[in-house]
Amino acid sequence: KIKDMHVFALTSISGILAYVWLILVLLVISPNVVDLWEAILTFMMFPVLIVSAYAADRGLWCRPRNKTSAQIEIALEASKRKSYSSDTDIIDVARKLARDKSINEDDVAQAMAAQIDSTRPKTSSWYRVNASRMMSGGQKLVLLEKVHAGSSDLSRLNDHLANGVNGAVSSRDVNLQPKKSVIEFTSASCSVLENEGMVRIGVRRTGDLSRQVTIGVETLDGTAVAGEDYKPTKQLMIFAAGESKKELYVDIVDDNVWEPDEFFYVKLFHPTPGSTVEDVEIGKVATNKVTIINDDEPGKLEFSKPIYIVKESALNASLMINRVNGADGEVQVTWTTTDITARSEIDYAGGEGKVLFRHGETSSTISIDIYSNKTKQDELSFQVELSNPTGGADLGKITKAVVTLINDEEFDRMVARIASKTQKNLDSLKLDTSTWGEQFQSAMNVNGGNLEAANYVDYILHFVTFFWKVLFACLPPPSVGGGWPTFLSSLAVIALLTALVSDMAKIFGCLVGLSDYITAITFVALGTSMPDAFASRCAAINEKWADSSIGNINGSNSVNVFLGLGLPWLLASVYWNLQGKDFYHPSGTVGLSVTLFTICATLVLLVLVVRRRMARFHFAELGGPKLEKYLTGVVPLGIWVIYVLLSSLQAQGVYTAF
């Protein structure tokens, strides 16, 4: 859909008026003669068009007092646009890579460069250059062919990293002992409220599950005493064939006497009868520590340890708060950060918060975001303090914890590598070159040397256009003389190639028996318009709005007349006026051709206007449902065929119109 209708309307109307002006000059005002004032007026329309288009683009002519709904929609769209900070995203991805080494840094750098490039505004010239390179097997201005507006390889990589971190589980590698059953506890510790009456402990089996095996389980005293705090047990657990999990239940003795939290152990052992060591292996988690929490008091709240060491590459610092000596009722505690050498909101997300413990809950974690600061060299630290417990709870022994942020040299090196590779990828997307060496290297290699992204079509186009690419590489690079030598030499080469194409078209027409006029409106027109067509196609695919793809064609029609004809007419008119003669320009078949083109252009514009106003086309000039999209694509193609046919028949003398 076209976003800026003012610019579209201006370029469309100017394109139609340009050809209407040609009809007036060649057929009405002074038939077959171009007067000096007509040439001057034609040429002056070019700067007027440029200034008018700039004013329309900037909204200098249309400044409504109140925003319409469409303007509000555009403003909201602009507010949603991402303010991209490459440094911030590089550090964010590097943090994830520090936790998951499965992602290749080269892939991340390439996806990041593609993401940064996708946020950059692109002009019509960018699409023309990219289209020209695609047609010649040159270096494309996109890193990944699948990267379009609305898609982000960087986001997909971040999602993969997040899934990889969250989905990672540590378990015993059963492939080390494929002929044995490996039995262990599901966790190394657990806790239970005294009033719950029993504790449930999980036991799992991995490895060989094809046979029945037996394992022994027994309890051992810690600070909890068997018979007084829990009921001891010593038993055999039988895993049937194919069974991988079982549960062990140990009774807890509930009393009304207050006592601190106590613990005992549950241990796996090889029984004397039943399975042997050759059949069963006890895993790494062979002992489970069971903590009996006194539920007669609200408990005390304290940090699990007084010092936490956190790498600067970490996303956050996680501090564990334990509730000991009771878990009765719902309690709450406040935590507050205090700067030591680290600075709040610069090195970490400081402030305060509250942690809620529900009835029976014995631990909780607070997470404090860590900010990466490229300039910090020394270790930084800040303090977190607990205060104001509620619900009758008290503070425990460790009420203050110091968090120290230490340097991560590998993280710094990784950030530097990713940043360097990202910048290198972005440099490969430059439109210009700095030296002749770069120009020849790009010209003489398929896809500019990026062979991994090249396909067989690129190789074919590269060898077909190899001579011309090497020839144009001889021109001065844009870095020389502020770009003026490049500009002037390019104009000279374009003039020579135009003359060459014109002569080749005449020779071809002579060989097949076609007039110069027919070869001009067919072969020459197709050859010169192909870059514009490919550029518009690329813009339509990659851009969210249709302004670049449609405006690229509309604007070129006006410029072709006002500048392409205006300047030669002006020079010729001045020359012949100095000779005291008129500049004679026979209209010939141009009159009918221009008239037909004006009618056809108007019809195509009407098709775009109709599409914009119909819900069937989603109120957009391009795209839409497949059937309607192809039908409206066939209409302009059919109009072009009719134009070529009628113009060619007149050129061959089949009929006479003007």
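Residues numbered from 1 in each chain as written. Predicted model: local features only at pLDDT ≥ 70, side-chain atom pairs only at ≥ 80, totals over all residues. Heavy atoms only, no water.

- In the nomenclature of an unreviewed UniProt entry, the protein is known as Calx-beta domain-containing protein of Biomphalaria glabrata.
- Looking at the protein in UniProt, the text filed under Sequence similarities (unreviewed entry) is "Belongs to the Ca(2+):cation antiporter (CaCA) (TC 2.A.19) family. SLC8 subfamily."
- According to its UniProt record, the protein has this under Subcellular location (unreviewed entry): "Cell membrane". (UniProt positions renumbered as here; feature names shortened; annotations may be inferred.)

### With respect to the overall build of the protein
Then, in step 1: Scanning the protein from N- to C-terminus turns up 16 helices and 20 strands.
Then, in step 2: Looking at the protein as a whole, 37% of its 658 residues are labelled buried.
Then, in step 3: In the protein, once contacts between residues fewer than 6 apart in sequence are set aside, the share between residues at least 24 apart is 74%.
Then, in step 4: Accessible area for the protein stands at about 36200 Å²; split by element, carbon and sulfur atoms hold 60% of it. (Helix = DSSP H or I, 4+ residues; strand = E, 2+ residues; numbered from the N terminus. Buried < 20%, exposed > 50% of the residue type's maximum accessible area, 1.4 Å probe, protein only. Contact = heavy atoms within 4.5 Å. Areas by Shrake-Rupley, 256 points an atom, 1.4 Å probe, with all protein chains shown as cover.)

### A word on the environment of Gln439
Then, in step 1: Note on placement: Gln439 falls in helix α9 (residues 436–444).
Then, in step 2: A residue is classified by how much of its surface remains accessible, and Gln439, at 13% relative accessible area, is buried.
Then, in step 3: Separated by 38 residues in sequence, Gln439 and Pro477 place their C-alpha atoms 7.5 Å apart.

### Thoughts on the confidence of the model for the protein
Then, in step 1: Mean pLDDT over the protein works out to 78, with 83% of the residues at or above the 70 mark.
Then, in step 2: Helix α3 (residues 69–80) is the least confidently modelled element of the protein, averaging 33 in pLDDT, while strand β14 (residues 331–339) averages 94, the highest of any element.
Then, in step 3: Within the model, the stretch residues 145–153 combines pLDDT values under 50 with 15 contacts to residues more than four positions away or in other chains.
Then, in step 4: Under a pLDDT of 50 for its full length, residues 161–177 has, in the predicted model, 15 contacts with residues more than four places off or in other chains. (pLDDT = per-residue confidence, 0-100.)

### Comments concerning the packing of helix α1 (residues 5–29) against helix α15 (residues 590–612)
Then, in step 1: It is the contact of α1 with α15, at a shortest axis distance of 9 Å, that shows an interaxial angle of 160°. Taken as axis vectors, α1 and α15 run roughly antiparallel relative to one another. The crossing of α1 and α15 is left-handed. On α15, the residues touching Met5, Phe8, Ser12, Ile16, Tyr19, Val20, Leu22, Ile23, Leu26 and Leu27 of α1 are Val590, Gly591, Val594, Thr595, Phe597, Thr598, Ala601, Thr602, Leu605, Leu608 and Arg612.
Then, in step 2: For the contact of α1 with α15, the per-class residue count stands at 15 nonpolar, 5 polar and 1 charged. (Axes fitted to C-alpha atoms, helices over the stretch in contact; angles between N-to-C directions. Parallel < 35°, antiparallel > 145°, perpendicular 65-115°, else oblique. Left-handed = near helix turned anticlockwise from the far one by under 90°. Nonpolar A, V, L, I, M, F, W, Y, C, P; charged D, E, K, R; others polar.)

### Digging into the pairing of strand β11 (residues 300–303)
Then, in step 1: Looking at chain direction, β11 and strand β13 (residues 316–324) are connected through 4 bridges and run antiparallel. By the bridge assignment for β13, Phe303 is matched with Ile321.
Then, in step 2: Judged from the 2 bridges that link them, β11 and strand β18 (residues 394–395) form a sheet pairing that is parallel. In the strand pairing of β18, Lys300 is matched with Asp394. (Pairing = 2+ DSSP bridges.)

### Let's talk about the sheet that holds β18
One key point about sheets: their strands pair by backbone hydrogen bonds, in either a parallel or an antiparallel sense.
Then, in step 1: The strand order across the open sheet formed by 4 strands is β16-β13-β11-β18, and the pairing between neighbours is mixed. Looking at strand neighbours, the two that pair on one side only are β16 (363–369) and β18, the edges of this open sheet.

### Here's the deal with the UniProt feature "transmembrane region" (unreviewed entry) in the protein
Then, in step 1: UniProt marks residues 7–30, 36–56, 484–501, 559–578, 590–610 and 630–649 with the feature "transmembrane region" (unreviewed entry), using the numbering shown here.
Then, in step 2: The span residues 7–30 shows a helical share of 96% and a strand share of 0%, and its end C-alpha atoms are spaced 32 Å apart.
Then, in step 3: End-to-end, the C-alpha atoms of residues 36–56 are 30 Å apart, and along that stretch the chain is 100% helix and 0% strand.

### Details of unusual backbone geometry
Then, in step 1: The phi dihedral of Asn32 falls on the positive side, at around 65°, and the residue is not glycine.
Then, in step 2: The topology assignment puts Asn32 in the loop between α1 and β1 (33–34).
Then, in step 3: One non-glycine residue with positive phi stands out, namely Asn388, at about 50°.
Then, in step 4: Its place among the elements puts Asn388 in the loop between β17 (380–387) and β18.
Then, in step 5: By relative accessible area, Asn388 is classed as exposed at 55%.

### Focus: the sheet that holds strand β3 (residues 189–193)
Then, in step 1: Strand order in the open sheet formed by 5 strands is β3-β10-β8-β5-β6, with mixed pairing between adjacent strands. The sheet terminates laterally at β3 and β6 (234–239), the two strands that pair on one side only. Going from strand to strand, the sheet's axes swing by 25° on average, the running direction of each strand aside.
Then, in step 2: Examined bridge by bridge, strand β8 (residues 262–269) and strand β10 (residues 287–293) share 6 bridges and lie antiparallel to one another. Counterpart to Lys267 in the pairing with β10 is Thr287.

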